[in-house]
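If you want the building blocks of each chain, they are given just below.
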Amino acid sequence: MESSDVDLDLQRSVHAVLRELSAQAPALPSNQGMWRWSLHKKVERDPGKSPALVRILLRELEKAESEDARHVIIPLLHTLMYVLTKATGITEELHRRTYAFCTRLLTLPAPYCTIALDCAIRLKTETAVPGTLYQRLVIAEQNLTSELYPYRERVFLFVDPELVSPSVCSALLLEIEAAQGQQTPEACMRHVVSHALQAALGEACEAGVLQRKLQTSSRRALERYFHAVVAAVEQMASEPSPSREGHLERLEEIYCSLLGPAEAARGRCVGEELVLFLRLRSQLRLSADLEALDLQGFLPDQELARASVLSTDSGIERDLPWGADEPPTPGSPEVERAVLRRKGGIKKRVWPPDILMPGSWDGPPGLHRRIGRPSGDGELLPGVSRLHTARVLVLGDDRMLGRLARAYHSLRKRETQKFCLTPRLSLQLYYIPVLAPEKPTASRRSELGELAAFLGRADPWYESVVNTLCPAIRKLAEMPLSLDTSQTVDPFILDAITYYVRMGTQPIYFQIYAVKIFFSDLSQDPAEDIFLTELKVKIQDSKFPRDSLSPRRRGVAEGPGAELSICYQKALLSHRTREVTVSLRAAGLVLKALPASDTEVSGPTHCPPTAAPDIDHTCLNISVTEVVKTSNLAGRSFSTVTNTFRTANIQIQSQDQRLLTLLLDKDSCRMYRDVARFEVAPCPEPCSEAQKSKVLGLSSHQEEMERTKAKAKPLLMPINTFSGIVQ
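Nothing here was measured: the structure is a model prediction, and the numbers come from that model.

Caption draft 1: View of the overall build of the protein. Counting its secondary structure elements, the protein contains 25 helices and 18 strands. Here the protein holds 727 residues, and the buried ones make up 46% of them. Contacts in the protein between residues at least 24 apart in sequence constitute 75% of all its contacts with a sequence separation of at least 6.

Caption draft 2: Representation of a negative patch on the surface. A grouping of Glu245, Glu249, Glu252 and Glu253 is seen on the molecular surface, where their side chains present a negatively charged patch. Looking at where glutamate 245 falls in the secondary structure, it is placed in helix H12 (residues 244-259). Note on glutamate 245: relative accessible area 53%, which makes it exposed.

Caption draft 3: Focus on the sheet that holds strand E6 (residues 388-396). Taken in spatial order, the three strands line up as E1-E6-E7 in an open sheet, and their pairing is parallel. Each edge of the sheet is formed by a strand with only one pairing partner; in this case those strands are strand E1 (152-159) and strand E7 (425-433). Across the sheet, the mean angle separating the axes of adjacent strands is 20 degrees when strand polarity is ignored. In this sheet, E7 lies alongside E6 in parallel orientation, the contact comprising nine bridges. Each residue of the ladder has a partner; that of histidine 388, found in E7, is leucine 425. Relative to E7, helix H17 (residues 398-417) is tilted by about 170 degrees, and along the sheet it contacts E1, E6 and E7.

Caption draft 4: Local environment of the pairing of strand E10 (residues 527-531). Of all five residues in E10, four are buried; the element is thus mostly enclosed. Looking at chain direction, strand E9 (residues 513-519) and E10 are connected through five bridges and run antiparallel. In the sheet register, isoleucine 517 faces E10, and the bridge partner there is alanine 527.

Caption draft 5: Structural view of the side chain of serine 565. Here serine 565 is to be found in strand E12 (residues 562-570). With near-sequence residues (within four places) excluded, serine 565 lies in contact with Thr581, Val582, Ser583, Gln651, Ile652, Gln653 and Gln655.

Caption draft 6: A look at helix H11 (residues 219-237). Over its 19 residues, H11 extends 27 Å from the first C-alpha to the last, a length consistent with the 27 Å expected when each residue adds 1.5 Å. H11 sits mainly inside the fold: 14 of its 19 residues count as buried.

Caption draft 7: How the structure looks around the packing of H11 against H12. With their axes 10 Å apart at the nearest point, H11 and H12 run at an angle of 175 degrees to one another. Looking at the two axes, H11 sits roughly antiparallel to H12. When H11 is examined against H12, the residues Tyr225, Ala228, Val229, Ala231, Ala232, Val233, Gln235 and Met236 are found in contact with a partner set consisting of Gly246, His247, Arg250, Leu251, Ile254 and Leu258. Residues belonging to the contact of H11 with H12 are distributed by class as follows: 10 nonpolar, three polar and one charged.

Caption draft 8: The arrangement of the pattern of salt bridges in detail. Taken as a whole and assessed by the stated rule, the structure comprises 32 salt bridges. Between glutamate 92 and arginine 96 there is a salt bridge, and its shortest N-O distance comes to 2.5 Å. Of this pair, glutamate 92 and arginine 96 both sit in helix H5 (residues 92-104), separated by four residues, roughly a single helical turn. The class for glutamate 92 is partly exposed, based on a relative accessible area of 29%. Between arginine 403 and aspartate 667 there is a salt bridge; the shortest N-O distance is 2.7 Å.

Caption draft 9: How the structure looks around the side chain of threonine 661. Among the structural elements, threonine 661 can be located in strand E16 (residues 658-664). Among the polar contacts made by the side chain of threonine 661, one reaches the side chain of glutamine 540 at a distance of 2.7 Å. Contacts of threonine 661, omitting those with residues within four sequence positions, involve Lys536, Val537, Lys538, Gln540, Met671, Tyr672 and Arg673.

Caption draft 10: Quick peek at helix H6 (residues 112-128). Here H6 spans 24 Å end to end across 17 residues, near enough to the 24 Å set by a 1.5 Å rise per residue. Within H6 the residues assigned to the buried category are Tyr112, Ile115, Ala116, Asp118, Cys119, Ala120, Leu123, Glu126, Thr127 and Ala128.

Caption draft 11: View of the packing of aromatic side chains. The full count for this structure, using the stated rule, is 10 aromatic pairs. For the ring pair tyrosine 82 and tyrosine 499, a centre distance of 4.9 Å and an interplane angle of 75 degrees mean the geometry is edge-to-face. Residue tyrosine 82 is located in helix H4 (residues 73-86), and its partner tyrosine 499 is located in helix H22 (residues 492-503); the two are separated by 417 residues in the primary sequence. Relative to phenylalanine 510, the ring of phenylalanine 454 has its centre 5.7 Å away and its plane inclined at 70 degrees; by these criteria the two rings are edge-to-face. Residue phenylalanine 454 is located in helix H19 (residues 450-458), and its partner phenylalanine 510 is located in strand E8 (residues 506-511); the two are separated by 56 residues in the primary sequence. Note on phenylalanine 454: relative accessible area 0%, which makes it buried. Within the aromatic cluster, the residues linked to one another by ring pairs are Tyr82, Tyr430, Tyr462, Tyr499, Tyr500 and Phe722. One Lys or Arg, arginine 677, reaches over the ring of phenylalanine 518 and ends 4.0 Å from the middle of that ring.

Caption draft 12: Seen up close, the confidence of the model for the protein. Taken as a whole, the protein shows an average pLDDT of 75; of its residues, 68% reach a score of 70 or greater. Of the regions scoring below 50 in pLDDT, residues 546-557 engages in 13 contacts with residues more than four places distant in sequence or in other chains. Low pLDDT, under 50, characterises residues 601-617; the predicted model gives this stretch 38 contacts beyond four residues in sequence or across chains.

Caption draft 13: Structural context of the packing of helix H9 (residues 185-201) against H12. Direction vectors running N to C along H9 and H12 enclose 125 degrees, while the axes themselves pass 10 Å from each other. Between H9 and H12, the angle falls in the class oblique. Crossing of H9 over H12 shows left-handed handedness. Only His247, Leu248, Leu251, Glu252, Tyr255 and Leu258 of H12 make contact with H9, whose side of the interface consists of Val193, Ala196, Leu197, Ala200 and Leu201. Looking at the contact of H9 with H12 residue by residue, the classes come out as nine nonpolar, one polar and one charged.

Caption draft 14: Spotlight on the pairing of strand E13 (residues 578-592). Across nine bridges, the pairing between E12 and E13 is antiparallel. Counterpart to alanine 562 in the pairing with E13 is alanine 586. In terms of strand pairing, E13 meets strand E14 (residues 620-632) through six bridges, oriented antiparallel. Counterpart to lysine 592 in the pairing with E14 is asparagine 621.

Caption draft 15: Representation of the environment of histidine 191. By secondary structure assignment, the location of histidine 191 is in helix H9. Histidine 191 sits 53 residues away from valine 138 along the chain, and the two C-alpha atoms are 8.5 Å apart. In this structure histidine 191 touches Tyr134 and Gln183, once residues within four positions along its chain are discounted.

Each value, and the rule that gives it
Residues numbered from 1 in each chain as written. Predicted model: local features only at pLDDT ≥ 70, side-chain atom pairs only at ≥ 80, totals over all residues. Heavy atoms only, no water. Helix = DSSP H or I, 4+ residues; strand = E, 2+ residues; numbered from the N terminus. Buried < 20%, exposed > 50% of the residue type's maximum accessible area, 1.4 Å probe, protein only. Contact = heavy atoms within 4.5 Å. Patch = residues over 30% accessible without salt bridge, like charges linked within 9 Å, V, L, I, M, F, W, Y side chains within 5 Å. Areas by Shrake-Rupley, 256 points an atom, 1.4 Å probe, with all protein chains shown as cover. Salt bridge = Lys/Arg side-chain N within 4 Å of Asp/Glu carboxyl O. Lys, Arg positive; Asp, Glu negative; His and termini not counted. Charge placed at Lys NZ, Arg CZ, Asp CG, Glu CD. Pairing = 2+ DSSP bridges. Axes fitted to C-alpha atoms, helices over the stretch in contact; angles between N-to-C directions. Expected span 1.5 Å × (residues − 1). Parallel < 35°, antiparallel > 145°, perpendicular 65-115°, else oblique. Nonpolar A, V, L, I, M, F, W, Y, C, P; charged D, E, K, R; others polar. Polar contact = N/O pair within 3.5 Å; in protein donor to acceptor, adjacent residues only side chain to side chain. Phe/Tyr/Trp six-rings, centres within 6.5 Å; stacked < 30°, edge-to-face > 60°. Lys NZ or Arg CZ within 6 Å of the ring centre and 35° of its normal. pLDDT = per-residue confidence, 0-100. Left-handed = near helix turned anticlockwise from the far one by under 90°.

This is the structure we're talking about:
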């Protein structure tokens, strides 16, 4: 295919993606999400098309910038970065044009400036050291051994068989196994070596000859080439001012040693690289997380004892003794005399002030962008680095997300008691909706997919890429199962999941609400639970004690519904607290945590955890089905009317003998019966025992201030999307 034909074909595919994002001409349900996948497949099957696609995407981005078409900027930018990460043969001029475009986006509001900053920092490294992004991606995802880049990632896929059909689970499992069979460690190392050499050398690298040489290399020789390439790339990427020319020279040596005719020359070049690799290993200060923090608890105090060195330096150069430039040898009398040891004293371990709070779960923001670590990494404790990233992917509906919220709350609560996962593990949450096939009662389907619909409204690219997977997954489950895993597969669903997990780095935060439940049986202890999306209240049938069958009490319960006393804090724009208490007869209530419309997508429910949200803006949408009694000549009649209001805290109690049934997150397995009263409030961050003792040791005024400060930190559960909230 000629160059002009290639450009026209890619141009049509890009325009198809843009049309799918346009509300004026939505794609057919069967084609939704396919255009992006087919576009990436074209350059994956023919890597030579990558420079042409980069130029087209960059041209469309510049056009969107000039026309202020912001709704396509983030999807196009994600598509461009995905191509640049895996492409070879991209010129330095294209890298610099893309970098300049990202820097111009820094003047736009969030999330445009946030995503542009992340892309610009990665592009700066990729421009100076081509192949860095792809190498780090493969090493982390495939768990390849490399001490120079020790970060590891793993995707955990959670599917509840009670909520997702067995056919869907079996189909996904077979597709995953078929794809994993093609990704052996040897194949991944070949990809890293080949990509690094082709990205750096460009047309000077004979791709066909290189691939044949790598295919015939033994496992031991392949590991030598792999470590040599990783050492060359990581050493140059860690330089304060990396030199593209120096990087090319080093990779040319490796390339010549790999393909050169002389065995001695090949051994000499690889040997030099391995020596440099060992030298780098001795110079790097790698994380000592296994020594500094044990999974079973903190180390004994003897191993954490401090040693202070007595300084005799006056600060004047002429007072220095002869040979002061040479450090004394370990174990010498000078070192022994200079060490002061503490014995019999109380050894106090001092951590940073935010360590005890689970609010530091995601680590210092932005640190990974400066040093090339995976997202969410950083050092929370001295000498302990987050080398592992757990990407938890949940498939299901709103009921599955409610169970995920319970597990997330339990994990955060456990971390306050045994602080072992937070400092070493970065946790990222992802969600793909899998709903049951549409039935005549379509309202049930929309009820179970409310959070997915909200994410689609908040992030149009999430709607196009992720929400379109639901019909594709159901279609996969209906196809006949193929047990032959030897054939090369082109899995659309796995490719879309991989794209989402790699590029979905912007979280949307959802408030978790706590509910305290009091039962009619006073001997039964109150129950505590949480919910994420919805709490539904139903009125049970009348339940009269035998000793209270008075005509007056019987008359109260003759009408439908139950007499309820509702006390809540009204949400005001002035941020003031105003308590309202009402009594009414209601046939049911629904407490929804998600905004009711697109105009309510902003607020503290979706703000970063570093901000202290105002509790009045964290609101539940309450819908009360009130029973209205009317009297006329024909007798009494009852009608219902729905009243809505917003609040953050609410208490509801049944005033007559009718009891309540609570249903959390639409999950029939989380139902509470015979409820007399319940209270709902934003779930706070779990507090450690050390912080509780700290608060108890303060004066009454200081204790009240500390408690008020602690209440300002609600527990937010992040779900990753491509852009976060797009206003």
